[in-house]
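# Architecture at a glance
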Amino acid sequence: MHILRGAAALLAASHSVVLAAAAEASASDQKLPPYRYPKYHPDPKRANAVRQAFRLSWDGYYKHAFPHDSLRPVSNSYEDDRNGWGASAVDAFSTALIMGEYKIIDQILRYIPHINFNQTESEVSLFETTIRYLGGLLSAYDLITGPLQRYFNYTDHQTRAILHQARCLADNLKVAFDTPTGIPDNNLFFGPPRKKGSTSNGVATIGTLVLEWTRLSDLTGDPQYAKLSQKAERYLLHPRPALGEPFPGLLGSSVNLDTGLFENGAGGWGGGTDSFYEYLIKMYLYDCHRFGHYRDRWVLAADSSIRYLISHPTTRPDLTFLAMWRNRTLHYFSEHLACFNGGNFILGGLTLDEPAYVQFGLDLVSSCYATYAGTLTGIGPELFQWQDSTTPLNATNNPGPPGEQKRLYDRAGFWITNGGYQLRPEVIESFYYAYRATGEKKYQEWAWEAFLAVNATCRVGSGYSSLADVNKLEGGGWTDFQESFWFAEVMKYTYLIFAEDAPWQVRADHENQFVFNTEAHPIRIAGGRERYGIWGYGRGDI
Ligand SMILES: *[C@@H]1O[C@H](CO)[C@@H](O)[C@H](O)[C@H]1NC(C)=O
Ligand SMILES: *[C@@H]1O[C@H](CO)[C@@H](O)[C@H](O)[C@H]1NC(C)=O
Ligand SMILES: *[C@@H]1O[C@H](CO)[C@@H](O)[C@H](O)[C@H]1NC(C)=O
Ligand SMILES: *[C@@H]1O[C@H](CO)[C@@H](O)[C@H](O)[C@H]1NC(C)=O
Ligand SMILES: *[C@@H]1O[C@H](CO)[C@@H](O)[C@H](O)[C@H]1NC(C)=O
């Protein structure tokens with residue numbers, strides 16, 4: 001991996017200073033473990049318990065909601081919240097493949113050719129459609145034509161239909177990019193495909209397309225999809241004006257479609273901007289030859305986060321969260337969505353051979369764990385806040401907790417500003433990366449605790465439901481909705497942390513064959529094929 005090391009060495013000197021600070025900021029003088037060949041501890045009993053939860057919720061969905069998008073498990077009904085193309089079926093596909101759930105795989109395989117991506121009643125989100133449907137289809141195709149090919153007739157029409165449908169969908173979506181700048185309008189209507197006419201788009205919704213659209217081009221040999229997504233991404237890699245980049249590599253959140261200029265300087269590692277940062281390093285992992293500049297921008301964002309955003313709660317200085325920003329003013333709140341950041345720092349550290357990023361990621365992971373351990377249900381809240389220990393306590397950006405939450409804050413180091421839980425994966429996702437980097441059983445235990453808490457509180461009727469308040473008895477009641485990402489993400493990451501090693505598992509030794517999109521759909525790494533040359537597309541067994 002000399003390419004990676006050489007490139008990392010070229011980075012500016014200030015970078016090493018930041019990393020040294022990170023190493024110091026984290027577990028003090030403890031010797032950094034070698035994140036290369038961790039010993040893993042598969043646990044078939046626990047993996048099987050997760051499989052049972054997957055089967056149970058799939059059967060509930062199949063009986064009461066399929067082929068609609070999402071199950072309402074309490075009322076045994078459904079909702080078409082993702083355009084009615086069967087979002088849960090497509091989102092469950094890669095998880096079923098990884099678990100080897102052949103009855104479920106067969107049900108989904110037979111359904112895919114019948115989706116009509118030309119029609120929908122409701123508004124289409126380019127971002128949500130890309131990460132759930134396009135990501136789900138491409139991942140299934142990559143798994144079936146790759147490591148699972150011996151279980152399938154991968155030249156038959158069902159397999160080809162998966163890629164064909166992905167392409168049909170993208171052909172309908174691509175009208176989004178038809179703007180003066182090439183930055184897509186995220187909001188569309190189909191039948192026929194047309195833009196809604198938005199004037200701006202968000203950083204995450206622009207910057208979380210490039211993996212799926214590049215993969216589609218690499219699989220079909222048609223470069224148009226990669227070109228569209230990469231042209232849009234350029235406005236995020238070269239942000240203008242200065243307002244849009246308040247800290248090096250850390251951006252605002254809204255970009256004008258006509259000018260390509262940033263409209264504000266407010267951002268964070270949370271919803272609205274999160275997966276833009278996530279994909280910078282994942283693109284480099286996908287193909288280090290084409291996406292070196294994406295790596296440089298990730299390093300800049302990671303270093304700025306360590307230099308400027310680290311915050312410790314006054315009552316729990318052992319915890320490390322990343323603050324949000326409005327221009328250069330920090331705000332001390334975060335959210336469940338942002339808890340992917342620990343896993344992303346770990347993946348960056350493994351990919352770039354920088355143990356300090358891994359160690360910093362582990363600190364973020366244990367702090368997100370604390371948001372689970374601190375509540376009555378053992379599940380973390382949607383939104384939380386804290387008081388920063390180095391900012392004056394009377395500063396307007398550093399308020400203390402409201403009276404009724406003071407006891408929670410004293411004990412747990414955060415208070416809750418939205419206690420909902422929508423079956424989100426990010427905390428377990430980061431446990432997974434922490435485990436794959438270190439092999440430490442602690443992270444399996446944390447994932448198991450989280451799974452037991454979710455299984456005890458969200459399990460109802462024909463599936464698993466979102467909750468009203470994680471800090472109330474029984475989660476404050478069920479809100480009767482099972483998001484499609486329950487299947488794609490929560491079930492997959494929880495299963496993988498207990499499962500046997502496999503080609504799709506994240507690796508610590510630079511031999512990754514897959515990279516997970518932001519919906520946890522594993523996409524086959526382009527470099528993997530070149531390096532190993534063992535899997536061919538549409539060719540016979542080698
Ligand atoms: C969708 O529209 C395309 C382009 O008009 C057409 O080729 C295709 O057959 C249509 N698919 C379905 C399922 O109607
Ligand atoms: C696989 O599918 C193709 C196309 O339908 C068919 O020609 C071929 O016989 C099938 N192979 C096997 C082993 O079933
Ligand atoms: C950020 O800076 C811009 C330009 O200086 C200013 O117009 C805007 O009000 C600032 N926003 C906040 C939230 O302070
Ligand atoms: C905060 O308190 C300090 C010291 O008492 C004082 O000098 C400062 O003006 C106060 N700041 C605000 C924003 O009230
Ligand atoms: C999950 O919940 C179900 C239903 O309450 C229960 O039967 C099952 O044993 C639970 N799984 C674990 C691992 O506790």
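Predicted model only: the values in this text are computed from it and were never measured. (Residues numbered from 1 in each chain as written. Chains lettered and ligands numbered in written order. Predicted model: local features only at pLDDT ≥ 70, side-chain atom pairs only at ≥ 80, totals over all residues. Heavy atoms only, no water.)

### Some words on the state of the cysteines
Counted by the stated rule, this structure contains one disulfide. Here C339 connects covalently by a disulfide to C368, the sulfurs 2.1 Å from one another. Disulfide C339-C368: the torsion about the S-S bond is -90 degrees, which places it as left-handed. Remark: C368 occurs in helix α14 (residues 355–373) and C339 occurs in the loop between β13 (333–335) and α13 (340–352); sequence separation between them is 29 residues. Of all cysteine sulfurs, the one in C339 lies closest to C458, which takes part in no disulfide; the gap is 16 Å. (Disulfide = S-S within 2.5 Å. Helix = DSSP H or I, 4+ residues; strand = E, 2+ residues; numbered from the N terminus.)

### What about the site of ligand 5?
Around ligand 5, the neighbouring residues are W448, L452, N455 and R459. The contact in question runs from an oxygen atom of ligand 5 to an N or O atom on the side chain of N455, over 2.4 Å. Contact with the protein chains removes 41% of the 360 Å² of surface that ligand 5 exposes when unbound. Examining the composition of the shell around ligand 5, we find that three residues originate from one element, helix α17 (residues 441–457), more than from any other. (Near = heavy atom within 4 Å. Polar contact = N/O pair within 3.5 Å; in protein donor to acceptor, adjacent residues only side chain to side chain. Areas by Shrake-Rupley, 256 points an atom, 1.4 Å probe, with all protein chains shown as cover.)

### Side note on the UniProt feature "active site" (unreviewed entry) in the chain
UniProt tags E128, D274, E382 and E426 as "active site" (unreviewed entry). Within the secondary structure, E128 is located in helix α6 (residues 126–145). A relative accessible area of 18% places E128 in the buried class. In this structure, E128 is in contact with R82 and Y133, ignoring residues within four places of it in sequence. Residue class for E382 comes out buried when judged on its relative accessible area of 9%. Setting aside chain neighbours within four positions, we find E382 in contact with S334, E335, H336, N418, G419, G420, Q422 and R424. (UniProt positions renumbered as here; feature names shortened; annotations may be inferred. Buried < 20%, exposed > 50% of the residue type's maximum accessible area, 1.4 Å probe, protein only. Contact = heavy atoms within 4.5 Å.)

### Description of the environment of P248
Along the chain, the position of P248 falls in the loop between α10 (224–237) and β7 (254–256). On the basis of relative accessibility, which here comes to 35%, the residue P248 falls in the partly exposed class. Separated by 49 residues in sequence, P248 and R297 place their C-alpha atoms 8.8 Å apart. The residues contacting P248, other than those within four sequence positions of it, are L300, A301, S304 and Y308.

### As for the packing of helix α16 (residues 426–438) against α17
It is the contact of α16 with α17, at a shortest axis distance of 8 Å, that shows an interaxial angle of 160 degrees. Put simply, α16 runs roughly antiparallel to α17. Considering the relative orientation of α16 and α17, their crossing is left-handed. Listed contacts from α17 to I428, F431, A434, Y435 and T438 of α16 are Y443, Q444, W446, A447 and A450. For the contact of α16 with α17, the class distribution of residues is eight nonpolar, two polar and no charged. (Axes fitted to C-alpha atoms, helices over the stretch in contact; angles between N-to-C directions. Parallel < 35°, antiparallel > 145°, perpendicular 65-115°, else oblique. Left-handed = near helix turned anticlockwise from the far one by under 90°. Nonpolar A, V, L, I, M, F, W, Y, C, P; charged D, E, K, R; others polar.)

### Structural notes on the pattern of salt bridges
Following the criterion strictly, the structure yields 28 salt bridges and no others. Linking R46 and E445 is a salt bridge whose minimum nitrogen-to-oxygen distance equals 3.2 Å. In this pair, R46 sits in helix α3 (residues 44–64) while E445 sits in helix α17, placing the two residues 399 residues apart along the sequence. With a shortest N-O distance of 3.2 Å, D171 and K174 are connected by a salt bridge. Looking at D171, the relative accessible area reads 31%, which means it is partly exposed. Put simply, E128, R132, E483 and E519 are held in one network by salt bridges that share partners. (Salt bridge = Lys/Arg side-chain N within 4 Å of Asp/Glu carboxyl O.)

### Brief notes about the nonpolar core
Of all hydrophobic cores here, the largest spans 166 residues; its most connected members are F93, W269, Y421 and F431. Sorting elements by how many residues they give to this core places α6 first, with 11 residues. Apart from residues lying up to four places away in sequence, F93 is in contact with I105, I108, L109, I112, A140, I144 and I162. (Core = buried A, V, L, I, M, F, W, Y, C linked by side-chain atoms within 4.5 Å.)

### Side note on the sheet that holds strand β3 (residues 124–125)
In space, the three strands of this open sheet follow the order β3-β4-β5, with antiparallel pairing throughout. Since the sheet does not close on itself, it has two edges, and those belong to β3 and β5 (194–195), each with one partner. Note: β3 against strand β4 (residues 187–189), two bridges, orientation antiparallel. The residue of β4 that forms the bridge with V124 is L188. (Pairing = 2+ DSSP bridges.)

### Let's talk about the side chain of E489
Mapping E489 onto the fold places it in helix α18 (residues 485–496). The side chain of E489 sits in the buried core without any salt bridge; R132 is the nearest counter-charge, 7.2 Å away. (Lys, Arg positive; Asp, Glu negative; His and termini not counted.)

### A closer look at α17
If you check α17, its first and last C-alpha atoms are 24 Å apart, about what 17 residues at 1.5 Å a residue would give, namely 24 Å. If you check which residues of α17 are buried, you get Y443, Q444, W446, A447, W448, A450, F451, A453, V454 and T457. Buried residues in α17 make contact with α3, α14, α16, β16 (459–460), β17 (463–464) and α18. (Expected span 1.5 Å × (residues − 1).)

### Side note on the packing of helix α12 (residues 292–309) against α13
Contact pair α12 / α13: the axes reach a minimum separation of 12 Å and the direction vectors enclose 125 degrees. With respect to α13, the element α12 is oriented oblique. In terms of crossing hand, the pair formed by α12 and α13 is left-handed. Contact with α12, carried on its side by R295, W298, V299, A302, S305 and I306, involves N344, F345, G348, G349 and L352 of α13 and no other residues of that element. Of the residues assigned to the contact of α12 with α13, the class counts are six nonpolar, four polar and one charged.

### Comments concerning unusual backbone geometry
What is expected of a backbone is that most residues other than glycine have negative phi and most peptide bonds are trans. Cis geometry marks the peptide bond from F66 to P67; its omega dihedral reads 0 degrees. With respect to the element layout, P67 can be found in the loop between α3 and β1 (70–72). The residue after G191, namely P192, is reached through a cis peptide bond having omega -5 degrees. When you line up the elements, P192 lands in the loop between β4 and β5. Backbone geometry places N76, a non-glycine residue, at a positive phi of 50 degrees. Position of N76 among the secondary structure elements: in the loop between β1 and β2 (77–79). The phi dihedral of D480 is positive, around 60 degrees, even though this residue is not glycine. Along the polypeptide, D480 turns up in the loop between β17 and α18. For D480, a relative accessible area of 10% gives the class buried.

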